[in-house]
Amino acid sequence: MRNLLVTGGAGFIGSNFVHHVIDHTDLSVTVLDKLTYAGNRASLEGLPAERVNLLVGDIADADLVDDLVSRHDAVVHFAAESHNDNSLHDPSPFLQTNIIGTYVLLEAVRKHEKRYHHISTDEVYGDLELDDPARFTEQTPYNPSSPYSSTKAGSDLLVRAWVRSFGVQATISNCSNNYGPRQHVEKFIPRQITNVIDGIRPRLYGEGLNVRDWIHADDHSSAVLTILDKGAVGETYLIGADGEKDNKTVIELILELSGLPTDAYDHVTDRAGHDLRYAIDSSKLRSELGWAPAFSDFRSGLAATIDWYRENEAWWRPQKAQTEAKYQQLGH
Ligand code: NAD
Ligand code: DAU
């Protein structure tokens, strides 16, 4: 394998993946990204021009995708509409990009017989009770709650069908909540970090008892490279780093690490249909492919993420006012 087509490579996890690939392999990368509100050219700054090329375009553009896929050895598909709150407000782009876009990519990899890795989420499994000892495994039935997670579930099922019916050489991974540098300020952790920088009180949905299973984006990247290298075609792998925390604890930690009182936040209107708890059992990936996360201490990973936002205000500042105005409209 010499070159990768990475869709959504100007977004949060996609750009972290491109940086990881450049640092840890000798592969070249073409990023296909529509540069929606969530994509940012600046996320690819500093990468070697001879190894990374950004092509601005839509994954639902069949002619463009067909040509690009024919010229690459493998496709890693990150591009998506990714934010639950947006999907509750307007589901339409979620159907177009997450379902139709994935279909277009699958038809191209089928025609050109290329390796395909599909990036998905633990949200396809729905949620768990707070006191349930269970965690999600590759056998957990699909039960998505939101327009976002249902379109991701639909895209996963398309991949499974294209593997079985047409022999497409695909793998799927379902990962838990990512944190780290270059995440859009609409998402929970960067929203609160940048609120604190701006002197705005952090905003906790409801009581904040909801649990997310946090993993550093760089660990997500190393897991995806491991699956591309050693994963069995047709298989699904769950990616997680045993990072369960409730939202209240995370907000309190951001405040503490910022030198503020840990109760200096506000409770705001809860999200409709808000999933209670996600938790990943990643034993299959660890035991069959030998992967392990490098970031085991959430507190120090979060502190480094806070530092990144403090040092890179030029990256997030242009998105901040517009994002908060949108949240005000949604009542959050
Ligand atoms: P993001 O919103 O930060 O980035 C998405 C990127 O896709 C953006 O650069 C955007 O411009 C691009 N894009 C959107 N529509 C496109 C289209 N039609 N054509 C081409 N490019 C398009 O998202 P993210 O948080 O980095 O998530 C990336 C992937 O990882 C998604 O598939 C998401 O479902 C999955 N995922 C995310 C998380 C998480 O915690 N953020 C966890 C598990 C899985
Ligand atoms: O589990 C993986 C998923 O994680 C990915 O598939 C999604 O793309 C990604 O956005 C993320 O989804 P969540 O809905 O869990 O992430 P979000 O950052 O929107 O919210 C995290 C938690 O924090 C959730 O319980 C809602 C809550 N929240 C969020 C915001 C923006 C707040 O309490 N306050 C906020 O201001």
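Structure: see above.
Each value, and the rule that gives it
- Residues numbered from 1 in each chain as written.
- Chains lettered and ligands numbered in written order.
- Predicted model: local features only at pLDDT ≥ 70, side-chain atom pairs only at ≥ 80, totals over all residues.
- Heavy atoms only, no water.
- Near = heavy atom within 4 Å.
- Polar contact = N/O pair within 3.5 Å; in protein donor to acceptor, adjacent residues only side chain to side chain.
- Helix = DSSP H or I, 4+ residues; strand = E, 2+ residues; numbered from the N terminus.
- Nonpolar A, V, L, I, M, F, W, Y, C, P; charged D, E, K, R; others polar.
- Buried < 20%, exposed > 50% of the residue type's maximum accessible area, 1.4 Å probe, protein only.
- Contact = heavy atoms within 4.5 Å.
- Areas by Shrake-Rupley, 256 points an atom, 1.4 Å probe, with all protein chains shown as cover.
- Pairing = 2+ DSSP bridges.
- Axes fitted to C-alpha atoms, helices over the stretch in contact; angles between N-to-C directions.
- Parallel < 35°, antiparallel > 145°, perpendicular 65-115°, else oblique.
- Left-handed = near helix turned anticlockwise from the far one by under 90°.
- Core = buried A, V, L, I, M, F, W, Y, C linked by side-chain atoms within 4.5 Å.
- Right-handed = clockwise from strand over helix to strand, strands pointing away.

Engineer: I'm lost on the site of ligand 2 in this one. Help?
Structural biologist: By nearness alone, 24 residues border ligand 2, and Asp122, Tyr148, Asn177, Arg271 and His274 come closest of all. One nitrogen or oxygen atom from the side chain of asparagine 84 is found 2.9 Å from an oxygen atom belonging to ligand 2. The contact in question runs from an oxygen atom of ligand 2 to an N or O atom on the side chain of tyrosine 148, over 2.6 Å. At the level of secondary structure, the elements contributing two or more residues to the shell around ligand 2 comprise helix H6 (188-197) and strand S8 (203-205). Classifying every residue of the shell around ligand 2 by side-chain character gives 6 nonpolar, 10 polar and 8 charged.

Engineer: Teacher, can you tell me more about the side chain of asparagine 86 here?
Structural biologist: Within the secondary structure layout, asparagine 86 lies in helix H3 (residues 84-89). According to the relative accessible area criterion, asparagine 86 is buried, its value standing at 12%. Looking at asparagine 86, its side chain comes within polar contact range of the side chain of glutamate 186, at 3.2 Å. Among residues more than four places away in sequence, those in contact with asparagine 86 are Tyr37, Phe94, Glu186 and Lys326.

Engineer: Looking at this structure, how should I read the site of ligand 1?
Structural biologist: What surrounds ligand 1 is a group of 28 residues, the closest being Ile13, Asp33, Ser82, Tyr148 and Lys152. Isoleucine 13 is positioned with one of its backbone polar atoms (N or O) 2.8 Å from an oxygen atom of ligand 1. Separating an oxygen atom of ligand 1 from a side-chain N or O atom of aspartate 33 is a distance of 2.6 Å. Contact with the protein chains covers 97% of the free accessible surface of ligand 1, which is 840 Å². Secondary-structure elements contributing two or more residues to the shell around ligand 1 are helix H1 (12-24), strand S5 (115-121) and helix H5 (147-166). Looking at which element gives the most residues to the shell around ligand 1, the answer is S5, with 3 residues. Classifying every residue of the shell around ligand 1 gives 12 nonpolar, 12 polar and 4 charged.

Engineer: Would you mind going over the sheet that holds strand S4 (residues 74-77) with me for this structure?
Structural biologist: What links the strands of a sheet is backbone hydrogen bonding, and the strands pair in either a parallel or an antiparallel sense. The 7 strands are arranged S3-S2-S1-S4-S5-S6-S11 in an open sheet whose pairing can be described as parallel. Two strands bound the open sheet, and with one partner strand each, they are strand S3 (52-56) and strand S11 (236-239). Taking the axes of each pair of neighbouring strands and ignoring which way they run, one obtains an average angle of 20° across the sheet. With 5 bridges connecting them, strand S2 (residues 28-33) and S3 associate as parallel partners. Each bridged residue has a counterpart across the sheet, and for threonine 30 the counterpart in S3 is asparagine 53. Docked against the sheet, H5 engages S5, strand S6 (170-175) and S11, running at close to 155° with respect to S5. Its contacts with the sheet place helix H7 (residues 217-230) against strand S1 (3-7), S4, S5, S6 and S11, and it is angled at close to 145° to S5.

Engineer: What should I look at first to understand the packing of helix H4 (residues 92-112) against H5 in this one?
Structural biologist: Each pair of packed helices can be summarised by the angle the axes make with each other and by the distance between the axes. Running from N to C, H4 and H5 point in directions that differ by 15°, and their axes come no closer than 9 Å. In terms of their interaxial angle, H4 and H5 are classed as roughly parallel. Where H4 crosses over H5, the two elements pack in a sense that is right-handed. For the pair H4 and H5, the contacting residues are Phe94, Leu95, Asn98, Ile99, Thr102, Tyr103, Leu106, Glu107 and Arg110 in the first and Tyr148, Thr151, Lys152, Gly154, Ser155, Leu158, Val159, Trp162 and Phe166 in the second. Of the residues contributing to the contact of H4 with H5, the split by class is 10 nonpolar, 5 polar and 3 charged.

Engineer: Please explain the nonpolar core as it appears in this structure.
Structural biologist: Buried together is how nonpolar side chains tend to be arranged in soluble globular proteins. The biggest cluster of nonpolar side chains holds 30 residues, and the ones touching the most others in it are Leu4, Phe17, Val18, Val76, Ile239 and Leu285. The set of elements that each furnish at least two residues to this core consists of S1, H1, S2, S4, H7, S11 and helix H9 (283-289). Counting residues per element, this core draws most heavily on H7, at 5 residues. If sequence neighbours within four positions are ignored, phenylalanine 17 has contacts with Leu4, Val6, Val76, Phe78, Ser221, Val224 and Leu225. Residues Ile193, Leu255, Tyr265 and Trp315 belong to the second largest nonpolar core, which totals 22 residues.

Engineer: What should I look at first to understand the pairing of S1 in this one?
Structural biologist: Within a regular beta strand, the side chains point alternately toward one face of the sheet and then the other, so they alternate between its two faces. Counting buried residues along S1, 5 of its 5 residues qualify, which places the element largely inside the surrounding structure. With 5 bridges joining them, S1 and S2 adopt parallel strand pairing. In the sheet register, valine 6 faces S2, and the bridge partner there is valine 31. In this region the chain leaves S1, passes through H1 and returns to the parallel neighbour S2; the handedness of that crossover is right-handed.

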